[in-house]
Amino acid sequence: MCNIWQSGDSSDLDPALVEKLPASLKYVNLSGGEPFLHKRLEDIVRAVRTSCPSAQTIISTNALLGTARMLERMEEIRSIDPGIGVAVSLDGIGPVHDRIRGIEGAYDKCLAFIRGLQQAGMTNLRLAFTVVDDNVDDFYRVYQLSRELGIEFTCALAQESTHYFQTTGVGRVDLERLRRQVDMIAASELRSLEPKRWARAYFSRGLYEFAAGDGRPLTCRAADDFFFMSPDGSIYTCNILDLPLGNLREDSFEAVWDSTAAAEARRKVASCEIGCWMVCTARSAIKRNPARVAAWVASGKVRALLGREVMK
């Protein structure tokens, strides 16, 4: 689902580039590759905290490095940003995850890291599941595990991206199997009393629609509401479209954001037909369309409470 690890480019993000990000950012996801391989991860977290003091920051990790060392580094990271979160990538239960990762014991390392963070008093934790055909039948099981652990759950469909995931020709997921899994997850979220989980049910619905080729249910605002920054400082509309706006090594963020290249990229976003649907691209769309989301949630809750199919 991701070929970053096969890339010959080993450049690491310079914390000085992070210091050029705008203070208005509300969410920052430090992803990779593997962030804990970065020798200056702590400095990057500090730079985000300084430059974007109101941002909620998440570190996305595969948890495959030594658990003790990762937990030790998290102590320092949490001293810099006490509210920081961690998302652990989990592709299935037990041998399913190990097979997809190609590493025996990978599943046990994920759980050991999560439980170590919980024992340290950390609560801003989540499991991050990426759907491919090989693990679609474990979708709901990993969701259930998140509920058992008392942590959040995020999900995405495997995507094609030449400049980020470095993947092409990603295989399709069996839609009937995916529909059953999404329906169980959405129904469970809708039966809760937490509005945040209702929004996640709506997100799950959009994930299925994207997989089915129906596009996204809400308009994308890449390069308006969000952007992707690569380790070399290039700012892109998102992590899917290879549309650079400029580079922070050469200009300020404001100059990049207001550039001619940015204006042209936004025009292309407006006609984009990919219709991708990920948390980073869907969060702002959901917040911008509360009435549409609420209408679906209301009808979905009725169906869920009556034991009917939510993915109508």
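Residues numbered from 1 in each chain as written. Predicted model: local features only at pLDDT ≥ 70, side-chain atom pairs only at ≥ 80, totals over all residues. Heavy atoms only, no water.

This part covers helix α7 (residues 175-190). An α-helical turn contains 3.6 residues, so any two residues separated by three or four positions project in the same direction. In this model α7 runs 22 Å from its N-terminal to its C-terminal C-alpha over 16 residues, within 8% of the 22 Å that 1.5 Å per residue would give. Burial runs high along α7: 12 of the 16 residues are buried. Those residues of α7 that fall on the buried side of the exposure criterion are R177, L178, R179, Q181, V182, D183, I185, A186, A187, S188, E189 and L190. Where α7 is buried, its residues contact β4 (125-131), α6 (139-149), β5 (152-157), α8 (195-211) and α12 (290-305). Where α7 starts, the residue carrying a side-chain oxygen 3.3 Å from the main-chain nitrogen of E176 turns out to be D174. (Helix = DSSP H or I, 4+ residues; strand = E, 2+ residues; numbered from the N terminus. Expected span 1.5 Å × (residues − 1). Buried < 20%, exposed > 50% of the residue type's maximum accessible area, 1.4 Å probe, protein only. Contact = heavy atoms within 4.5 Å. Polar contact = N/O pair within 3.5 Å; in protein donor to acceptor, adjacent residues only side chain to side chain.)

In this structure, M74 and F139 are the most contacted members of the largest nonpolar core, which totals 97 residues. Ranked by the residues each element gives to this core, the list is headed by α8, at 7 residues. (Core = buried A, V, L, I, M, F, W, Y, C linked by side-chain atoms within 4.5 Å.)

Our focus in this paragraph is the sheet that holds β4. In sheet architecture, strand pairing relies on hydrogen bonds along the backbone and comes in two forms, parallel and antiparallel. In space, the 5 strands of this open sheet follow the order β1-β2-β3-β4-β5, with parallel pairing throughout. Two strands bound the open sheet, and with one partner strand each, they are β1 (27-30) and β5. Within this sheet the neighbouring strands show an average axis-to-axis angle of 25°, counted without direction. Strand direction decides the pairing type here: β1 and strand β2 (residues 56-61), joined by 4 bridges, are parallel. Bridging from a neighbouring strand, V28 pairs with T57 of β2. Across the face of the sheet, helix α5 (residues 106-119) comes into contact with β2, β3 (85-89) and β4 while running at roughly 165° to β3. (Pairing = 2+ DSSP bridges. Axes fitted to C-alpha atoms, helices over the stretch in contact; angles between N-to-C directions.)

Turning our eyes to something else, we now look at the pairing of β1. Burial of the side chains of β1 is restricted to one face: V28 and L30 are buried, whereas none of Y27 and N29 on the reverse face is. Once the chain exits β1 it traverses helix α2 (residues 41-51) before rejoining the sheet at β2, and the crossover so formed is right-handed. (Right-handed = clockwise from strand over helix to strand, strands pointing away.)

Keep in mind these values describe shape, not function.
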